[in-house]
Amino acid sequence: MTSNMDSDKEEFLREFGDDYGYPNAPKNIDEIRATEFKRLDHDGLVYLDHAGTTLYSETQMEAIFKGLTTSVFGNPHSQSDSSLATAEIIREARQQVLDFCNASARDYKCIFTSGATGALKLVGEAFPWSSQSTFMYTMENHNSVLGIREYALSKGATSFAIDIEEAAHDGGGCKSPVSSIKVLQRPTLRRNEATLLEEEPSGDAYNLFAFPSECNFSGSRFSLHLVNTVKDDTARVLEGSPYCKGRWMVLIDAAKGCATKPPDLSKYQADFVIISFYKIFGYPTGLGALIVRTEAAKLLKKSYFSGGTVAASIADIDFVKRREGIEEFFEDGTISFLSIASLHHGFKILNTLSMSAISRHTASLATYTRKILSTLRHGNGDHVCTLYGRHESEVSIVLYDELGPIISFNLKRPDGSWFGYREVEKLASLSGIQLRTGCFCNPGACAKYLGLSHLDLLSNIKAGHVCWDDHDIVNGKPTGAVRVSFGYMSTFEDAKKLVNFIVSSFASWPTQAECVYLSRARSICFPDEGLKRSTPKYFLRAVTVYPIKSCAGFRVDSWPLSSTGLLHDREWLLKSLSGEILTQKKVQYLAVSPLVLYVHGWHTLIPYVPEMCLISTFIDLNLGILFVESPRCKVKLQIRLRTDFSTAGGDELDLYSQRYEVRGYDNEVSIWFSNAVGRPCTLLRCSGSKNSFCPERGKTKGMCRDVETKLNFVNGAQLLLISEESVSDLNKRLRLIQHFKQIQVNNFMSVADVQEEGLEGPPIQVNPMRFRPNLVISGGAPYAEDEWRSLKIGNQNFVSLGGCNRCQMINLNPQEGEVRRSREPLATLASYRREKGTILFGILLRYDNSDEVGQDMDSWLQVGQEVHPKTD
């Protein structure tokens, strides 16, 4: 690390050194990362989605595996020695959960559930709702909390959301929690209007108020003073409202908040507290807890019973005697006792570091990052980032605690328009930064902070926007945000890499006034290096065939066409023994648990297989042989085109909404390819395809796969065409962007950062083959092919199906027998070739052979043929 990078960290430590890094723990943060999270450095990942789930440590998983392999865990619903031992472990785990929230075992009980959602569902189902009840909740609540509303409304209860603000005060003096709270009530919801008119709520009804200890959208932490305030003086809080009567109970959704600051139930006696363990220490998933106050549990009404929840039942008469223990009464069936047994190891890590130290450590990173992002400006002086939530200066001890380690924001261009959050997410992935975008299942906070009215929300839905889609900008407004969140193992380097990424990818450059096209224009008008033609002529410069999907292709001077495009193109593919199609394109994860990873190695996951591009292919049509070579195999493989199948029969494969008839090969071929890619696999050949279905074609080009014609194992269409002029334009942009970024980052990034981001060194150059085209043409202006509707090459006709949606595969660059990955050229393409969430480059073609009668030399393509496009 250079002295410049050291100086950045030294400055950070001068401000946050007392809080950052666990100086008093057995291991500091650098040692924790080096020993417990080696997989992050191995994969070059910056993980910033701890609000989604934090990460489990290697020591944690090793201890869990050791416990499972050295102990015998019996079903706790029995009296054997192993069952009784398991029951004791469960009892200890319940106590650990209560201790975590400083809850007395006399006053509170721990009920294990299938997760935080399961705990909330239990409360909603069993709460004693009546037509006189009220369900009140803050706008900043997760969908799983809002779902309780359905139970309340179905029983005739009233429901409404509220905003909580600090009341204005005329004089000085100490402010009490009650006098400082002002509640703004949102519209009242009720489904049984007849009941609504009967009478006002009475004092006998049970009401429920729900709020999160930490908002998973903005990171705002609600003060737990709300618990006592609502329970003790609801009449003051809801002054003038008919819904202040009755007995109020309080639910805290602490699923996110517990990761850094669990509620202290000895001080703030909430009735229900929701916990999710994978958000606290990464493993296990599918396990949560409901901490319920003993007196509140007695009021819950439960209909269903199951094994373990009853002391006795009779099958053929209406008789059941339920168990008296609160935990057993609510835990249906056999609980996840192996997962519960693993909780001890997670809590051990937290106790070693201490929750107070974890809270200070994560807060230091979040505060530093907020400070940098809030001051980041474009060259014209406008802010780059719009941060959501309350700033530190606005935090009130009465209404809000200090901010949690969540930062939610959106990014703006110099002209004031928004970068789409999906664009940010895609570019972050290219830089190895894992973050989250959208509304994070928190629609109230999302609408509140983004300033979206009901009309806006309904308009967005009408426009087709739903959760997790690519409609990130609708009617000029963001539909969600970008969220980064820190965990106990996050480092200064993680935060710095995030800042560097935003600076280098989204901040404008001081000289950008003349270069707005780099982010907005569809193409750049560079001075022509040759003579300008009034009517451009296009020629076919290269033809490339890729026999095996994702493997290297071979260039030819001429090649025959067939009903599937180029003859034998993408006619073969590799399939893993577990059924995944091997490809360079994207990560494919196996459905395995962390324990399986520990047993078989932390990198058992089947990732993208970049080594496939090192497998070279060539077809000799005269000999009828496919030749395959790999640097990992000494022998060149020869596959005869007309024979070599393992059996006379075939099989079927579903891929890309089509069903293919396929045939396999003998074991010798499978062994060769398994050695070539470094994992067990088999080779399959397409012997026919059947149309299945095509999604409705959207307005964006390249969004629908061509299923109207016969296809081999292609992603979108029979052929892909690239223009040399378009590639040349891209290379000029790459050089310009690299130059301007080197100027801009001097204000924010050290020399080490510049080197790590790849902003220094030889100019980046890509050639057309990086995009795996079948056809390369030359002539005309850059991106002229975008407007083509059809074209003719020689005597052959082709139909354009629109732009090709590019992915990270184009960032893989095979050099000297190894595959190098970078964030270019996709990052630059995204800055000017993005259209409705897709990054388009090149066009997809369908071979129109409707006029062809037979296969002769006229149905061949030949390099040098003239290309005649049509734009209408």
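Residues numbered from 1 in each chain as written. Predicted model: local features only at pLDDT ≥ 70, side-chain atom pairs only at ≥ 80, totals over all residues. Heavy atoms only, no water.

Going by an unreviewed UniProt entry, the protein carries the name Molybdenum cofactor sulfurase and comes from Rhododendron griersonianum. The UniProt entry for the protein carries the following text under Catalytic activity (unreviewed entry): "Mo-molybdopterin + L-cysteine + AH2 = thio-Mo-molybdopterin + L-alanine + A + H2O". Per UniProt, the protein has the following entry under Cofactor (unreviewed entry): "pyridoxal 5'-phosphate". (UniProt positions renumbered as here; feature names shortened; annotations may be inferred.)

**Q** Just give me the short version of the overall build of the protein, but keep the residues and values in it.
**A** Across its full length, the protein carries 26 helices and 39 strands. Put simply, the protein has 872 residues, and 53% of those count as buried. Counting only contacts in the protein whose residues sit at least 6 apart along the sequence, the fraction spanning at least 24 positions is 73%. Counting every atom, the protein has about 38,500 Å² of accessible surface; 50% of that belongs to carbon and sulfur. (Helix = DSSP H or I, 4+ residues; strand = E, 2+ residues; numbered from the N terminus. Buried < 20%, exposed > 50% of the residue type's maximum accessible area, 1.4 Å probe, protein only. Contact = heavy atoms within 4.5 Å. Areas by Shrake-Rupley, 256 points an atom, 1.4 Å probe, with all protein chains shown as cover.)

**Q** Before we move on, could you go through the sheet that holds strand 15 (residues 436-438) and cite the residues and values that matter?
**A** Pairing between the strands of a sheet is mediated by backbone hydrogen bonds and can be parallel or antiparallel. Reading across from one edge, 12-13-18-15 is the order of the four strands in this open sheet, with antiparallel pairing throughout. Every other strand in the sheet has two partners, leaving strand 12 (385-388) and strand 15 as the edge strands with one partner each. Adjacent strand axes in the sheet meet at a mean angle of 35 degrees, parallel and antiparallel pairs treated alike. Each of strand 12 and strand 13 (406-411) is contacted by helix 17 (residues 355-375), which is oriented at about 15 degrees to strand 13, the strand it contacts most. Helix 18 (residues 421-430) rests against strand 13, strand 15 and strand 18 (481-485) of the sheet, and its axis sits at about 165 degrees to strand 15. (Pairing = 2+ DSSP bridges. Axes fitted to C-alpha atoms, helices over the stretch in contact; angles between N-to-C directions.)

**Q** Give me the lowdown on empty space enclosed by the protein, citing residues and values where you can.
**A** Counted by the stated rule, this structure contains five cavities of 30 Å³ or more. Residue lining of the largest cavity: His50, Ala51, Thr54, Lys256, Ala259, Thr260, Lys279, Ile280, Ser485, Phe486, Gly487 and Tyr488, and that is the complete set. When grouped by side-chain class, the residues that make up the lining of the largest cavity number five nonpolar, five polar and two charged. (1 Å grid on protein atoms, 1.4 Å probe; cavity = no way out; pocket = protein on both sides within 12 Å on 5 of 7 lines; lining within 4 Å. Points joined across faces, edges and corners; volume = space filled by probe spheres on them. Nonpolar A, V, L, I, M, F, W, Y, C, P; charged D, E, K, R; others polar.)

**Q** Describe the pattern of salt bridges, and please don't skip the residues or the numbers.
**A** It is possible for side chains bearing opposite charge to pair when their charged atoms get close. Going through the model one piece at a time under the given rule, you end up with 32 salt bridges. The salt bridge involving Glu36 is made with Lys27; its shortest N-O contact spans 3.2 Å. Looking at Glu36, the relative accessible area reads 9%, which means it is buried. When salt bridges with common partners are traced through the structure, they connect Glu140, Asp163, Arg186 and Lys448 into a single cluster. (Salt bridge = Lys/Arg side-chain N within 4 Å of Asp/Glu carboxyl O.)

**Q** Kindly report on the packing of aromatic side chains, identifying the contributing residues and their values.
**A** Summed over the entire model, instances satisfying the criterion amount to 33 aromatic pairs. Geometrically, the ring pair formed by Phe112 and Phe277 is tilted, given 6.4 Å between the ring centres and 45 degrees between the ring planes. In this pair, Phe112 sits in strand 2 (residues 108-113) while Phe277 sits in the loop between strand 8 (272-276) and helix 12 (278-281), placing the two residues 165 residues apart along the sequence. Residue Phe277 is classed as buried on the basis of its relative accessible area, which comes to 0%. These aromatic residues form a ring-pair network of at least three members: Phe12, Phe16, Tyr20, Tyr368 and Phe492. A cation over a ring is seen here: Arg733 above Tyr832, with NZ or CZ 3.5 Å from the ring centre. (Phe/Tyr/Trp six-rings, centres within 6.5 Å; stacked < 30°, edge-to-face > 60°. Lys NZ or Arg CZ within 6 Å of the ring centre and 35° of its normal.)

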